[in-house]
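Residue-level structural notes
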Number of protein chains: 2
Amino acid sequence: MTDVTLGIDIGGTNTVFGIVTEKGEIVFKESIPTNGMEPAEDLFERIFNKFDESFKKHSSEYNLVGIGVGAPDGNYYKGSIENPPNLNWGYVNVKELVHKYHDIPAALTNDANAAAIGEMQFGAARGMKNFVEITLGTGLGSGIVVDGKVLYGHDGFAGELGHVNAVRDGRRCGCGKKGCLETYASATGIIRTVSEMLATYRESSPLRDIPYSELSAKKIYDAASGGDKIAINAFKYTGRILGEALADTVAVLSPEAIVIFGGLAQAGDLILEPTKKHMELNLLNNYKGKIKLINSGLSEGDAAVLGSSALIWNELKTN
Amino acid sequence: MTDVTLGIDIGGTNTVFGIVTEKGEIVFKESIPTNGMEPAEDLFERIFNKFDESFKKHSSEYNLVGIGVGAPDGNYYKGSIENPPNLNWGYVNVKELVHKYHDIPAALTNDANAAAIGEMQFGAARGMKNFVEITLGTGLGSGIVVDGKVLYGHDGFAGELGHVNAVRDGRRCGCGKKGCLETYASATGIIRTVSEMLATYRESSPLRDIPYSELSAKKIYDAASGGDKIAINAFKYTGRILGEALADTVAVLSPEAIVIFGGLAQAGDLILEPTKKHMELNLLNNYKGKIKLINSGLSEGDAAVLGSSALIWNELKTN
């Protein structure tokens, strides 16, 4: 019998779950719609009905030892989610819900922290004890690892790098503040940047033919790859803002590396090069040239399940 | 016999050392000139000559169990100091130097981290496990405590909040960068602010009669206490910049409290009120009203010895 854990990642649209060994092998993986307008109880019933059915085929070979859950705004200390965006849930005690189905060790954290633990266990941060995971998706999430443990702070909500200020009195953010880092450095951030640049510059660009509502990081990437100046400059500007913020992060946390994950990170050097350049320009002398800025070692498709599974593997090891 | 530790604080001008019990009682305390142009060996010889002489009188009552050293740029991991500002030392292995005199547990850290540990052991952060100590002196130092331990990061240099960016392309900093927080929020920072405000506004002010080289935080405080608008606005501006930076710090670290220590902090509400106001204005909703912003519980005169002594008390407890 091989020990395995169940990793569950609850997203706004889909919930992915799967069985993972201690080495990071995914035995099986499934996806179901989250149906965020229904109560959380409904989702967990569907998860465990489907899981129990699939796991039956494997139960002679594998032994389920823990369950990890990653979810937006998941609070590690409380094991609960409070008013998550895009889900009509209010307050939900996730750990209790999970224990109704399987009374084994369970843990909850937010998606960026889960990605960080996944990176440490199975990805580009193997062997590292101090690093920062940046997830560049629709928004910007971050998971901070200090001495091999996720930094949760006093109330479990540390690591909100997406909401440090990047530009004083800058763009309006969904959180109610202005100028938050994620309004610049994220998939939606680069769309806003392109929209501004189309207004500022006079160069022709294929992006001028796409309405704002249909712009995407992918389309901007394609334009940049085709040599479009507006698109290339949008990546440069995004990287500058991100690099400046990362230099400040380094001054506070002194990490060994910063690992970049998520949709926008797939633009590769288009985003990494300007980010690296402006991080270096703004680092204190004793950090210059010493901080690794690297791409995630987790594949986009597997990261969610690996991260939430790594969360509980990590608990089982350290407790 | 009561166990005691020796706390040594190396400053640019003076070095203070003293004997401290586990409860934070200072048995005796002495100060000698640092003479930073002489080699470090000379300083430690003078420290231990003087210390051994003074300790003789107490040696029937007290048992020396450890030595803690706080110094600018002190590296906890390496036990060394590298090219400290104001000291002509180059690279010095402080732990080795200390062990030449007393072969008992010793530890080194920088002055802001020592202040943080002192605060946790003997001051306003007693019982706290997650907080940030801000030292507002000539510059701005910070010590970050996570889960009851100082955050050192990968190379021992974490907690350089004085050098996060406060104003993009702002004032030149001694570190070579522009716009660092300590060029605004510190004793020298407020002097620079007054100088700018004297140029910007037309109000009469007693500060117009003092040359830049003779301005001090104390004189600005006195002017503000007397109702001078320029001085009051300089404190407001300093607090705004500091409060904005602290809001970002909260988003990253989620501390229970921020403790303010040092010369400029003695201005009390003149600096604390605007700092609190602008921190709150820039906090994410889930932090609003929850982060304590408090004055240090260590007296200015004793803090250096208490901090460096607390450093080694903390080591002895946790190891």
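Attention here is on the structure that accompanies the text. (Residues numbered from 1 in each chain as written. Chains lettered and ligands numbered in written order. Predicted model: local features only at pLDDT ≥ 70, side-chain atom pairs only at ≥ 80, totals over all residues. Heavy atoms only, no water.)

**Regarding the overall build of chain A**
- Scanning chain A from N- to C-terminus turns up 8 helices and 13 strands.
- Over its C-alpha trace chain A gives a radius of gyration of 20 Å, about what one expects of a compact globule, namely 20 Å for 319 residues.
- The principal-axis extent of the C-alpha atoms belonging to chain A is close to 65 × 45 × 35 Å.
- Counting over 319 residues, chain A shows a buried share of 60%.
- For chain A, the share of sequence-separated contacts (at least 6 apart) that also reach a separation of at least 24 residues comes to 62%.
- Each charge class in chain A was averaged separately, 31 positive and 39 negative side chains, and the resulting centres sit 7 Å apart. (Helix = DSSP H or I, 4+ residues; strand = E, 2+ residues; numbered from the N terminus. Rg over C-alpha atoms; globule rule 2.2 N^0.38 Å. Buried < 20%, exposed > 50% of the residue type's maximum accessible area, 1.4 Å probe, protein only. Contact = heavy atoms within 4.5 Å. Lys, Arg positive; Asp, Glu negative; His and termini not counted. Charge placed at Lys NZ, Arg CZ, Asp CG, Glu CD.)

**Re the side chain of N282 of chain A**
- Looking at the secondary structure, you find N282 of chain A in helix 7 (residues 269-282).
- Within the structure, the side chain of N282 of chain A is placed 3.5 Å from the side chain of R168 of chain B, a separation counted as a polar contact. (Polar contact = N/O pair within 3.5 Å; in protein donor to acceptor, adjacent residues only side chain to side chain.)

**Quick word on the relation of the copies chain A and chain B**
- Between the two copies, chain A and chain B, the superposition gives an RMSD of 0.0 Å; the rotation angle is 180 degrees and the shift along the axis is 0.0 Å. These values place the two chain copies in the arrangement generated by a two-fold rotation axis.
- Interface residue correspondence from chain A to chain B reaches 100%, placing this contact among same-surface, isologous pairings. (Least-squares fit on C-alpha atoms with pLDDT ≥ 70 in both.)

**Digging into the interface of chain A and chain B**
- Between chain A and chain B, the contact holds 37 residues from the first and 37 residues from the second.
- Of the roughly 3000 Å² buried where chain A meets chain B, counting both sides, 53% is carbon and sulfur surface.
- Of all residues in chain A, H154, R168 and V252 of chain A bury the most surface against chain B, accounting for 19% of the area lost on that side.
- Taken together, the links from chain A to chain B amount to 2 salt bridges.
- Taking the shortest distance from any N to any O, the salt bridge between R168 of chain A and E244 of chain B comes out at 3.3 Å.
- At the boundary of chain A with chain B, the tally comes to 20 residue pairs in polar contact (both at pLDDT 80 or more).
- Where the side of chain A that touches chain B is concerned, the elements lending two or more residues are strand 10 (140-146) and helix 6 (229-253) of chain A.
- Element by element, the count of residues in the side of chain A that touches chain B is highest for helix 6 of chain A, at 5 residues.
- Partitioning the side of chain A that touches chain B into residue classes produces 17 nonpolar, 11 polar and 9 charged. (Buried area = accessible area lost by both parts, 1.4 Å probe. Salt bridge = Lys/Arg side-chain N within 4 Å of Asp/Glu carboxyl O. Nonpolar A, V, L, I, M, F, W, Y, C, P; charged D, E, K, R; others polar.)

**Focus: the sheet that holds strand 3 (residues 26-33) of chain B**
Residues and elements named next belong to chain B.
- Taken together, 5 strands build an open sheet; the order of strands is 3-2-1-4-8 and the sheet is mixed. With partners counted over all chains shown, the strands left at the sheet margins are strand 3 and strand 8 (106-109), one partner each. Put simply, the sheet's adjacent strands are angled 20 degrees from each other on average, direction ignored.
- With 4 bridges joining them, strand 4 (residues 62-70) and strand 8 adopt parallel strand pairing. Bridge pairing in strand 8 places G68 opposite A107.
- Those strands touched by helix 3 (residues 111-122) are strand 1 (2-10), strand 2 (14-21) and strand 8, and its axis lies near 115 degrees from that of strand 8.
- Sheet strands touched by helix 8 (residues 303-318): strand 1, strand 2, strand 3, strand 4 and strand 8. Its angle to strand 1, the strand with the most contacts, is close to 125 degrees. (Pairing = 2+ DSSP bridges. Axes fitted to C-alpha atoms, helices over the stretch in contact; angles between N-to-C directions.)

**Some thoughts on unusual backbone geometry**
Residues and elements named next belong to chain A.
- The phi dihedral of D73 falls on the positive side, at around 65 degrees, and the residue is not glycine.
- Inspection of the secondary structure puts D73 in the loop between strand 4 (62-70) and strand 5 (74-75).
- Even without glycine at this site, D147 takes up a positive phi of about 50 degrees.
- Examined against the element boundaries, D147 turns out to sit in the loop between strand 10 and strand 11 (149-150).
- Among the residues examined, D147 registers a relative accessible area of 42% and is labelled partly exposed.

**Observations concerning the environment of G189 of chain A**
All names here are of chain A.
- For G189, the location among the structural elements is in helix 4 (residues 187-200).
- Each C-alpha atom of the pair G189 and R171 lies 9.3 Å from the other, and the pair is 18 residues apart in sequence.
- Apart from residues no more than four positions distant in its own chain, G189 is found in contact with R171, E182, T183 and Y184.

**Topic: the side chain of S254 of chain B**
- Within the secondary structure, S254 of chain B is located in the loop between helix 6 (229-253) and strand 12 (257-261).
- Not counting the four nearest positions on each side in its chain, S254 of chain B is found in contact with Y152, G153, H154, D155, G156, F157 and A158 of chain A together with T249 and Y287 of chain B.

**Considerations on the packing of aromatic side chains**
- Here the structure, examined in full by the defined rule, presents 16 aromatic pairs over all chains.
- An angle of 90 degrees between the planes, with centres 6.3 Å apart, marks the rings of F48 of chain A and F51 of chain A as edge-to-face. Within this pair, F48 of chain A and its partner F51 of chain A are both found in helix 1 (residues 40-56), separated by 3 residues, close to a single helical turn. Per residue, the accessibility class of F48 of chain A equals that of F51 of chain A, and both read buried.
- Pairing F51 of chain B with F55 of chain B gives two aromatic rings, centres 5.2 Å apart and planes at 20 degrees, and the pair type is stacked. Residue F51 of chain B and its partner F55 of chain B are both found in helix 1 (residues 40-56); the two are separated by 4 residues, about one turn of the helix. Comparing F51 of chain B with F55 of chain B, the two get one shared label, buried. (Phe/Tyr/Trp six-rings, centres within 6.5 Å; stacked < 30°, edge-to-face > 60°.)

**Here's the deal with the pattern of salt bridges**
- Under the criterion given, the structure shown has 17 salt bridges over all chains.
- Of the charged contacts, one joins R46 of chain B and D42 of chain B as a salt bridge, the two residues approaching to 3.1 Å between their closest N and O atoms. Here R46 of chain B and its partner D42 of chain B are both found in helix 1, 4 residues apart, which amounts to about one turn of the helix.
- Judged by relative accessible area, R46 of chain B falls into the partly exposed class, the value being 22%.
- Taken together, the shared-partner salt bridges in this structure form one network comprising R168 of chain A together with R240 and E244 of chain B.

**Concerning the state of the cysteines**
- Going through the model one piece at a time under the given rule, you end up with 0 disulfides over all chains.
- Left without a disulfide partner, C180 of chain A is nearest to the cysteine sulfur of C175 of chain A, which lies 3.7 Å away. (Disulfide = S-S within 2.5 Å.)

**Thoughts on the nonpolar core**
- Counting 112 residues, the largest nonpolar core has I258 of chain A together with I258 of chain B as the members making the most contacts within it.
- Beyond its immediate chain neighbours, meaning those up to four positions away, I258 of chain B contacts V132, I134, L246, V250, M279, I291, K292, L293 and I294 of chain B. (Core = buried A, V, L, I, M, F, W, Y, C linked by side-chain atoms within 4.5 Å.)

**Regarding the pairing of strand 3 of chain B**
Residue and element names in this part refer to chain B.
- Taken together, the 7 bridges between strand 2 and strand 3 define a ladder with antiparallel strand orientation. Directly across from V16, in strand 3, lies its bridge partner S31.
- Hairpin remark: strand 2 followed by strand 3, antiparallel, with 4 residues in the connecting loop; positive phi at G24, about 95 degrees.

**Let's talk about the sheet that holds strand 6 (residues 80-82) of chain A**
Residue and element names in this part refer to chain A.
- Taking strand neighbours across the sheet as the criterion, the 3 strands line up as 5-6-7 in an open arrangement whose pairing is antiparallel. The sheet terminates laterally at strand 5 and strand 7 (91-93), the two strands that pair on one side only.
- Where strand 6 lies against strand 7, 3 bridges are found, and the strand directions are antiparallel. Within strand 7, the position partnered with I81 by the bridge is V92.
- Contacting strand 6 and strand 7, helix 2 (residues 94-101) runs over the sheet at an angle of about 45 degrees to strand 7.

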